[in-house]
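Given next are the chains, with one letter for each unit.
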Amino acid sequence: MNITITKKAFDWYKRELGLKPGDAIRLFARYGGCSTVQKGFSLGIAKDEPAGEPAAQTTVDGVTFFVEDSDQWYFDGHDLTIDLDEKGDEPVFLIQ
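Residues numbered from 1 in each chain as written. Predicted model: local features only at pLDDT ≥ 70, side-chain atom pairs only at ≥ 80, totals over all residues. Heavy atoms only, no water.

Caption draft 1: Broad picture of unusual backbone geometry. Even without being a glycine, Asp61 presents a positive backbone phi close to 45 degrees. Inspection of the secondary structure puts Asp61 in the loop between strand E4 (56-60) and strand E5 (63-67). Of note in this structure, Asp89 is not a glycine but carries a positive phi near 50 degrees. Within the element layout of this structure, Asp89 appears in the loop between strand E6 (80-85) and strand E7 (90-95). (Helix = DSSP H or I, 4+ residues; strand = E, 2+ residues; numbered from the N terminus.)

Caption draft 2: Region of interest: the side chain of Thr64. By the secondary structure assignment, Thr64 is in strand E5. When residues no more than four places from it in sequence are discounted, the contact partners of Thr64 are Asp23, Ala24, Ile25, Gln57, Thr58 and Thr59. (Contact = heavy atoms within 4.5 Å.)

Caption draft 3: Looking closely at the pairing of E4. Burial of E4 is one-sided: the residues Ala56, Thr58 and Val60 facing one way are buried, the residues Gln57 and Thr59 facing the other way are not. Relative to E5, E4 is paired through 5 bridges, and the arrangement is antiparallel. By the bridge assignment, Thr59 is partnered in E5 with Thr64. Hairpin remark: E4 followed by E5, antiparallel, with 2 residues in the connecting loop; positive phi at Asp61, about 45 degrees. (Buried < 20%, exposed > 50% of the residue type's maximum accessible area, 1.4 Å probe, protein only. Pairing = 2+ DSSP bridges.)

On their own, these measurements won't tell you what the molecule is for.
Here is the structure:
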């Protein structure tokens, strides 16, 4: 599994969450919502540190985005791209 975040999406997170180098964002499965991969679940985010070795991670300008091993099932072997919906001014998760 790979995680990709576009510059526009990263800039949105940096602005909205006040991210700075050394910060980390955990991507996790949460009950409820809508997903193209897991019915009845959606993707959540939290400013957090990895509990151990992440199942997947990417670092942009010193900020790490990661998925814990315990949430890897949600992606079902797919990759994740985080982009920005400019019209709605919010991130969108594309699981391919």
